[in-house]
Amino acid sequence: MNESCGRLLSVNMNPTLQKTLCFNRLIPGEVNRTAAHRFDVAGKGLNTARVLSQLGKEVVYLTQLGGALRPVFLDLCKRDNINVHWVESGSVIRYCYTIISGIEDGEARTVTELVEEGEPVAAGTEERLFSAYTKLLPSVRTVIICGTKARGFSDTLIPEMVRLAREYKKQIILDIRGNDLKQSLQFMPDVIKPNLFEFTDTFTSELEQCYKSMGELSGDEEGVKENVASLALELARKYATKIVLSRGKNSVWYTEGNTFSEAAVEIVKPLNTTGCGDAFTAGLAAAINEGLSLKKAVELGIHCGSLNAGFIKPGTICENGKELPDDKKERYESDKKTLVPCKEESVDWETTQNIYIEGENLEALMLMQEKYREKIKMIYIDPPYNTGNKFVYNDSLLHHSAWCSMMYPRLMLARDLLCDSGAIFISIDDNEAANLKKICNEIFGETNFVACLNWNTKKAAQGMTTQNMIVCNHEYILVYAKDSRLFKFIGIDRDKNNGFSNPDNDPRGLWKRQYLQRIGQGLPKRELKDPDTGRVFVIETPYTQEKINRWIEEKRIIFPKNETQYPVRKEFLREYKNKQQLVTSLGLYATKATTEKLYSLFNNKKVFTNPKPETLIAFLVRVTTSANDIIMDFFSGSATTAHAVMQVNAEDGGQRQFIMVQMPEACATDSEAARLGYQTISEIGKERIRRAGKKIREDTGAGGKTPDIGFRVYKIAE
């Protein structure tokens, strides 16, 4: 590519995932609930690249990436139209948190930024990054190097990048500090743009003492300005560079020739100041890249920084192609969605506690935070994970990275809805199982992993032909607790279905055989004498002779009829401290039988393909929840979870509540559902709940107690 195209290269070696948390009021020492929040890609180089892209410039962002969240990072970049060139670093992407408190009249009372220390990059990362940088240089006009380096990069990397850019005769803009900036000056960058505190911190301890914090003057401003001007002009002459010093809400100082100039900032009511400096750098770079004067470049930088201050999203100057309206509070409020009641589609509106939300589940999860935060005991979801099918959700694409980025924010919000003793169950197959576990470890923590359950979808291959002569007949359910110390399965009773029986009518009740012999383990040898026959058996066992003799007296030992077998011990169910159990292999829940059951509910019409077994979800509800718990499914589909909850309530008299969320995804025009008049999946789900509830009422009979089979329908709207 010819450099006359004006392409820019933004380089940063410390990428960031940004969480922006908005509070109406933040009270130290108390539990504070967010009024709104965001999850974005950020960091100096990336924010700069995003604003340049919004200015209509062609820009490449070069960085290092690693860890399970890399696909999330890349997909967020794609949605922001950021052209990312990255190298593998093996380093988990760090987080940055922005806390905004007291939004009033479109202005934030306080904005606090908290930055994590990133992980060191793996050996070889620096060589890969420099190689990529070298290949990109010929195709760009301007190079911008921003921010700090992750640990593991050498002190010579940034100066060497500046040297090479100078050798290639590129325009060079540096938004860096410390030794990286000091050592890079010898290669005469065109512009350096630290903020005032970074400048004084880098070049003189004497000037640094004039400040209490981040550019805040503690003495006479004119006196400080005079000292800063003297040093800046000296450096500018010595290294043939221009120096621009941003000062937050105060005017910008900059050198041009032999003069030290000042440019007033635009007066705005800031909503979020995070990324304003990066937006300033982007505006500055865009103008310099076009050959404008430094004065014009500073003015554009100031304007971009001011626009950035008006958005909740950090490092941006427009949203959906539109610049910020004058009334920032109105824009902020207009982003909020609401739940609109739809009584005509509901059942038993006045009495039911169940809820069906029709709309995008990410928006629904946000809207539910205020009322249901930390109140839900069980979440079950069956997300779209077949990468051969296109996802219908707005922020989804076809590949693993898109799937991860689709799931990540939803699971973050879901975690906040779980009560402390709650857990999430996620159906998954081999396509995304590994990626899902990485995401869940990140969100819930590895210590809160409970189990990976598996269940069989069919008994055999049933005549199917596959490329590798193997047919998959199982799926997984990944289980994570909010707090594994508090979550416990209720389990299922140990009974005749778990190996216990009483064939000899022992008055002590159900028992099962427990082997005493342990061959080849080097254990002591013990003698067991059959009191009826006098036959002696010698076995290797961990049990003492005294204990064995007592068991013989208590008639707990079953002696064989000949010497070719060994005695065994009776283990009675009543002696178990925990009389319930649960194993990770759940057995067969045939999907064919499930499909047929759903057919019968809809008069033998195929309205939904591949539903999860209602019996499987009912089993999970039984072993996880108690009578008054709330169960949620935010990939509701045909509403299998709602059906299962009502069924379990009918069995045990419980009053469990369900919350279903389903996007109004259009049914395929050539599908049986469409021919029957169902336009969306959500219509099928609502109708299934109505029909399942009606059948449960019929099965309960006149004398039985019918559970809550109603539901309130809400639709997400502006």
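Residues numbered from 1 in each chain as written. Predicted model: local features only at pLDDT ≥ 70, side-chain atom pairs only at ≥ 80, totals over all residues. Heavy atoms only, no water.

A. A look at the pairing of strand 32 (residues 630-633). The two faces of strand 32 match: I630 and M632 on one face and I631 and D633 on the other face are all buried. Here two bridges tie strand 20 (residues 376-381) to strand 32, and the two strands are oriented parallel to one another. Each residue of the ladder has a partner; that of M378, found in strand 32, is I631. Direction of pairing for strand 32 relative to strand 33 (residues 657-662): parallel, over a ladder of four bridges. Residue pairing across strands places M632 opposite I659, the latter belonging to strand 33. (Buried < 20%, exposed > 50% of the residue type's maximum accessible area, 1.4 Å probe, protein only. Helix = DSSP H or I, 4+ residues; strand = E, 2+ residues; numbered from the N terminus. Pairing = 2+ DSSP bridges.)

B. Focus on the pairing of strand 27 (residues 536-540). Judged by which residues are buried, strand 27 turns out to be one-sided: F537 and I539 face inward and are buried, whereas V536, V538 and E540, on the alternate face, are not. Following strand 26 (residues 525-529), the chain reverses through six residues before pairing antiparallel with strand 27; G534 in that reversal takes a positive phi of roughly 80 degrees.

C. Just the nonpolar core, in detail. Residues V298, L411 and I424 are the most contacted members of the largest nonpolar core, which totals 83 residues. For V298, the contacting residues outside a window of four places in its chain are V244, V252, Y254, A263, F280 and L284. Ranked by size, the runner-up nonpolar core spans 46 residues in total, among them C342, F602, L616 and V621. (Core = buried A, V, L, I, M, F, W, Y, C linked by side-chain atoms within 4.5 Å. Contact = heavy atoms within 4.5 Å.)

D. Looking closely at the packing of aromatic side chains. Under the counting rule described, the total for this entry stands at 14 aromatic pairs. For the ring pair F487 and F489, a centre distance of 5.0 Å and an interplane angle of 75 degrees mean the geometry is edge-to-face. Against the face of Y95 rests K19, its NZ or CZ located 4.4 Å from the ring centre. Positioned over the ring face of W551 is R569, at 4.5 Å from the centre of the ring. (Phe/Tyr/Trp six-rings, centres within 6.5 Å; stacked < 30°, edge-to-face > 60°. Lys NZ or Arg CZ within 6 Å of the ring centre and 35° of its normal.)

E. Just the sheet that holds strand 21 (residues 418-428), in detail. Judged by pairing direction, the sheet is mixed, and its ten strands sit side by side in the order 18-34-19-33-32-20-21-23-22-31 without closing on themselves. Each having just a single partner strand, strand 18 (338-341) and strand 31 (585-588) make up the two edges of the open sheet. The mean angle between the axes of side-by-side strands here comes to 20 degrees, regardless of whether they run parallel or antiparallel. Alignment of strand 19 (residues 355-358) against strand 33, held across four bridges, turns out to be parallel. What sits directly across from I355, in strand 33, is I659. Packed on one face of the sheet, helix 15 (residues 433-444) meets strand 21, strand 22 (449-456) and strand 23 (474-481) and runs near 5 degrees to strand 23. (Axes fitted to C-alpha atoms, helices over the stretch in contact; angles between N-to-C directions.)

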